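# Structural description and commentary
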Amino acid sequence: MKRGLHKQKLSGSEGRKRKKKQEEDAEKSSKFMTAFLKKGEEVAGTSEVTASDESEQHSDIGERIAACVSDSDEHELPGDAGEHDFPAESSNVDIKIQIPDVISHHDIGFLAFDQTSGNAIVSDALRTELVQRGSIFLQNRDGPFQMTDNRAMTPSWFKRRLGKGKGEEVLRSWLVYSPKKHSAFCFCCLLFPQSATTNRSALLSENGLSKWKSPEKVQSHENSKDHRLSFTAWKEMERVLAANEGLIDAKLQAQIASERDRWRQILHRVVHCIRFLANQNLAFRGHDEHLKGSDDRNVGNFLGLLKLLGEFDPVLRQHLEHVEQHPGSVSYLSPDIQNEFIQLLASTLRNNLLEKIRKAKYYGLMFDATPDIAHKKQMSEVVRYVDIDFEQRSVKVKETFLGFIQMQQKDAKTTAEVICQQLEKDDMPLEDCRSQCYDNAAVMSGHKSGVQKRISEKNDKIIFVNCDNHSLNLAGVHAASEDAVTTTFFGTIEAIYVFFSRSTLRWQDLKDALHIVMEAESETRWSSRANAVKAIYNQINDLVSLLEKMSTDARQTADTRSEADQLLQRVFTFDFLVLLDFWNTILGRLDRVQKRLQDPTMNFHDAARDLEALQKHLSENRAAICDDSLHRAVRICEEWGITLERRVRRKKRMPGETAQDAGLSAKQEILRLMKGSIDRLLTELEERFTRFDELNKRFGFLLNVRELLTESETNDSIIQEGCNRIGDFYNTDLDGKEIYNEVTDCRMLLKSRANTSITNAVDILEFIVQYGDENVFPNLRVAIQIMLTVAISIASCERSFSKLKLILSYLRATMSQSRLSALALLSIEREEANNVNFDHVIDLFADAKARKMQL
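Described in the following lines is the structure provided in the data block. Just so it is clear, the structure is predicted and the values come from calculations on it, not from any experiment.

### Let's talk about the overall build of the protein
- Helix and strand counts for the protein stand at 36 helices and 9 strands.
- Counting every position in the protein, which comprises 855 residues, the buried fraction comes to 48%.
- As presented, the protein carries roughly 43700 Å² of accessible surface, and 48% of it is formed by carbon and sulfur atoms.

### What about unusual backbone geometry?
- The omega angle of the peptide bond from Gly143 to Pro144 is 5°, so this bond is cis rather than trans.
- Unusually for a residue other than glycine, His106 sits at a positive phi of about 55°.
- Within the secondary structure, His106 is located in the loop between helix 3 (95-105) and helix 4 (124-133).
- A positive phi angle, near 55°, is found at Arg393, a position not held by glycine.
- Looking at where Arg393 falls in the secondary structure, it is placed in the loop between strand 6 (377-389) and strand 7 (394-407).
- For Arg393, a relative accessible area of 36% gives the class partly exposed.

### Remarks on empty space enclosed by the protein
- Per the counting criterion, the structure on display carries 5 cavities of 30 Å³ or more.
- The volume enclosed by the largest cavity comes to roughly 160 Å³.
- Residue lining of the largest cavity: 17 residues in total, with Asn473, Trp526, Arg529, Leu587 and Leu590 positioned closest to the centre.
- Of all the secondary structure elements, the ones that give two or more residues to the lining of the largest cavity are helix 17 (468-480), helix 20 (528-538) and helix 23 (574-597).
- Counting residues per element, the lining of the largest cavity draws most heavily on helix 17, at 5 residues.
- Partitioned by chemical class, the residues of the lining of the largest cavity number 8 nonpolar, 5 polar and 4 charged.

### Focus on helix 23
- Its 24 residues place the ends of helix 23 35 Å apart at the C-alpha level, agreeing with the 34 Å of an ideal helix rising 1.5 Å per residue.
- With respect to burial, helix 23 is a largely interior element, 20 of its 24 residues being buried.

### Structural notes on the pattern of salt bridges
- Applying the stated criterion across every chain, the model contains 37 salt bridges.
- A salt bridge links Arg384 to Glu399, with the nearest nitrogen and oxygen atoms 2.7 Å apart. Of this pair, Arg384 sits in strand 6 while Glu399 sits in strand 7; the two residues are 15 residues apart in sequence, bridging distant segments of the chain.
- Given a relative accessible area of 0%, Arg384 falls into the buried group.

### Things to note about the nonpolar core
- Membership of the largest hydrophobic core comes to 109 residues, with the highest contact counts inside it found for Trp583, Ile726 and Leu780.
- Among the elements that make up this core, the one with the highest residue count is helix 23 (13 residues).
- In contact with Ile726, other than residues within four places in its own chain, are Phe699, Phe701, Leu702, Leu734, Ile739, Ala783 and Met787.
- Residues Ile266, Val315, Cys420 and Met815 belong to the second largest nonpolar core, which totals 84 residues.

### So, the layout of surface pockets
- Estimates place the volume of the second largest pocket at around 640 Å³.
- Of all the secondary structure elements, the ones that give two or more residues to the lining of the second largest pocket are strand 5 (363-371), helix 17, helix 20 and helix 33 (795-807).
- Here the lining of the second largest pocket takes 6 residues from helix 33, the largest share from any one element.
- Residue composition of the lining of the second largest pocket, grouped by class: 7 nonpolar, 9 polar and 7 charged.

### Notes on a nonpolar patch on the surface
- Taken together, Ile373, Tyr810 and Leu811 make up a surface patch of nonpolar side chains, about 380 Å² in accessible area.
- Of note, Leu811 is situated in the loop between helix 33 and helix 34 (817-828).
- Residue Leu811 is classed as exposed on the basis of its relative accessible area of 67%.

### Side note on the packing of aromatic side chains
- By the definition in use, this model includes 24 aromatic pairs.
- Aromatic pair Phe231 and Trp234: ring centres 5.4 Å apart, planes at 90°, arrangement edge-to-face. Of the two residues, Phe231 and Trp234 both sit in helix 9 (residues 225-243), 3 residues apart, roughly one turn of that helix.
- Both rings, one in Tyr332 and one in Phe845, keep their centres 5.5 Å apart while their planes meet at 80°; by these two values the pair is edge-to-face.

### Looking at the environment of Gly143
- For Gly143, the location among the structural elements is in the loop between helix 5 (136-139) and strand 1 (159-161).
- Residue class for Gly143 comes out partly exposed when judged on its relative accessible area of 21%.
- In this structure, the C-alpha to C-alpha distance between Gly143 and Pro155, residues 12 residues apart in sequence, is 7.6 Å.

### Examining the packing of helix 18 (residues 484-501) against helix 21 (residues 540-552)
- Look at helix 18 against helix 21: their axes get within 13 Å of each other, and the N-to-C directions meet at 55°. Here helix 21 runs oblique to helix 18, going by the angle between their axes. In this structure, helix 18 meets helix 21 at a crossing whose hand is left-handed. For the pair helix 18 and helix 21, contact is made by Ile496, Phe499 and Phe500 and by Leu543, Leu546, Leu547 and Met550, respectively.
- When the residues that make up the contact of helix 18 with helix 21 are grouped by side-chain class, the tally is 7 nonpolar, no polar and no charged.

Conventions used here
Residue positions within a chain follow its written sequence, with the count starting from 1. Whole-chain, interface and lining totals are the exception, using all residues; otherwise, since this is a predicted model, local features are given only for residues with pLDDT of at least 70 and side-chain atom pairs are given and counted only at 80 or more. No hydrogens and no water enter the side-chain calculation; it runs on all heavy atoms of the structure. In this text, helices come from DSSP runs of H or I with a minimum length of four residues, and strands from runs of E with a minimum of two, each type numbered from the N-terminal end. Relative accessibility decides the category of a residue: with a 1.4 Å probe and only protein chains considered, values under 20% of the type maximum give buried, values over 50% give exposed, and everything between is partly exposed. In this description, accessible areas are obtained by the Shrake-Rupley approach with a 1.4 Å probe, and a residue is regarded as covered only by the protein chains that are shown. Detection works on a 1 Å grid of protein atoms alone, calling trapped sets that fit a 1.4 Å probe cavities and calling open sets with protein on both sides within 12 Å along at least five of seven lines pockets, with lining residues defined by an atom within 4 Å of a point. Grid points are joined across faces, edges and corners, and a volume is the space filled by probe spheres set on the points. For this scheme, ten residues count as nonpolar: Ala, Val, Leu, Ile, Met, Phe, Trp, Tyr, Cys and Pro. Four count as charged, namely Asp, Glu, Lys and Arg, and the remainder, Gly too, count as polar. Helix span, expected: 1.5 Å multiplied by one less than the number of residues in the helix. Basic side-chain nitrogens of Lys or Arg form a salt bridge, by our definition, when they fall within 4 Å of a carboxyl oxygen of Asp or Glu. Buried residues of nine kinds, namely Ala, Val, Leu, Ile, Met, Phe, Trp, Tyr and Cys, make up a nonpolar core once their side-chain atoms join them within 4.5 Å. The contact criterion used throughout is that any non-hydrogen atoms of two residues lie within 4.5 Å. Every patch collects residues that have over 30% relative accessible area and no salt bridge, joining them within 9 Å if they carry like charges and within 5 Å if they are nonpolar side chains (Val, Leu, Ile, Met, Phe, Trp, Tyr). Here the aromatic set is Phe, Tyr and Trp, taking the six-membered ring for Trp, and pairing holds for ring centres within 6.5 Å; pairs whose planes are under 30 degrees apart are stacked, those over 60 apart are edge-to-face, and all others are tilted. Here the axes come from fitting lines to C-alpha atoms, over the contacting stretch only for helices, and the angles between their N-to-C directions go from 0 to 180 degrees. An angle below 35 degrees is read as roughly parallel, one above 145 as roughly antiparallel, one from 65 to 115 as roughly perpendicular, and any other as oblique. Crossing handedness follows the turn of the near helix against the far one: under a right angle anticlockwise gives a left-handed crossing, and clockwise gives a right-handed one.

Next comes the structure, spelled out in structure tokens:
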């Protein structure tokens, strides 16, 4: 052997560096093989991979990479053993980035090469993945091919003919093209290199083959011994992977898959329990959380529910027994894991809801705030939109709760900024917002610098509507405070409730005597006054009998007898009995309209008609209501021996005044009072619903189905004018002329469908959606959709406050904001929460970081 061919011996330092690098590569390959084992599924690898297979395979690689390179920091029950983190890797190749690039770009050129050996750096897991996908995944044989020296590779390079070019045409499955490097490579030789000789083919080099003038080099490489050995090794590995043998022991793989399925079954039950507790607004944790069956201390609802299910479910029972017998083992039952699953469930649910809102495009805003038990201001976010599903051919008007936002400031500027930031965070363009609805507070509804004004300045197509329930309630409150006698009446109603509610014995006597339990009177709760007055009106005889009995019962305390007697004296008055009948009638009318307005599917046109009907009824029957109440009260007074007349109090005359005060009788005075209350109520209704009436006059014709679908010369001119008006206002969304044409076409189609009943705007949308095509009456559909996004009440926000009180009790006042919002979302939107895919949630849980167990 010639002396010059001897390889120079490495120094000690260089030898140690090479050995260290080889150990690192071996450890890295071992970890990637572990990632492959975590796949737990049988994957048949062939050289021919279809496009549909490709999309399914692509979703697996991220999980395997994350499992190998991300650190673990699990938190388990007290005493759980921590998981060892992977050691830090120092290498010139970022494997975490390399694998996604090779797979996602379908380009072999993203492989890194070892500068010493010249071979491609391919881990066992990556080699297995590429063999399973097949060479066609990286071939790119349809180009595009870049010119080099006026020449380029062509699709014909991927084929050859047998029999000296005259036989059957065969595909070169081993040949792949890299769009990144504009070069050709040998797939099998890169994955299974045979030697490190200096006389290696360009198809194995880092730059690949890019000299297209020499196609004979491809044939020469194809006939080489090293290529044939690599090709054989490739096909052999492909065969054993398809047969599930050789590289991985079949029994071991089956055991791994079984273990993975067992853990997923356990997590399915855990997530079910978490969702159940969230839906029922129940606390999770207890006084002393443990799994010892012999101890009867409070372990909390979560662990208690798991232990109860474990009595009947063998999978869960086995898991709980293992955790109990092996303290420190992995359980996935700790408070941290509970919080993680709560957040994953809520985020998945919220993303699903936001996706529906974005699909609908147009939406309306509803915000309201209240202090919680921890003295923090919580603002409820609710979005109103029309969910149109052309596949299912369904239409639903929805008001969706999206969470609570903790407010630090109460001013209009800060509130408007928080709302806009939240919309931007949720990827809900403010340009698509078409309505906003708040309560009557000046901060929210102020016409100069309120929140509604600031948001309307950003988008002038946003229609603002005051909450009708708040407005109607305030109208009733002001009418009830019109006179001191009325104030005294409601004070007596409240005094009766307080008298019985302060004592458990008196409250039991009240329940035994009355069929309907009394409620507290309140100015802010919309139906409380109506319910309080109704309970006393319907059972006034029983109530009087009970008070008379208690006032003379020697077994009662002196204070009880005295208070009962005082209440009797206040009830046995002509004014009280007349106003009881009068306000029972008025509040009953108001309460029925209130409940109608709280319906999430109510639109502003129907609400305007209900309010108009209320005003008309009170105006036309003003005298009749007062007279009827007076007559019924007079009859009761005569039965009970209550005097009607009282001492006439004459007003003091001013100096120089000569006219005498005639003085009104008791009947005349109470009639004056009742008519004054009705007049004040009508005035309040007219003033508070002015903006609402204007909206109905401008755009209400679209929701007035009867007039919209009725043909008449006068009606058509009104509708045409309204279509032009709405087209001018929403000029970026609609064409007024097209709306009118589509209305006439819709009439024509409905004439031939006698069995089709159209009673409201949603019915029109359902009729349009039945065609299953977005291009059928698009302007009419969008116009009605926009009108239906206009909210008329923030009742949905008020309902969320009821859930807030159930979730954030005084025992849970330290709950974090993110957990509070997540639990509220899962509870309020329980119908959508029940449709959340648990497998997807568990996949997110597994992908969040490297877990102790294979999931």
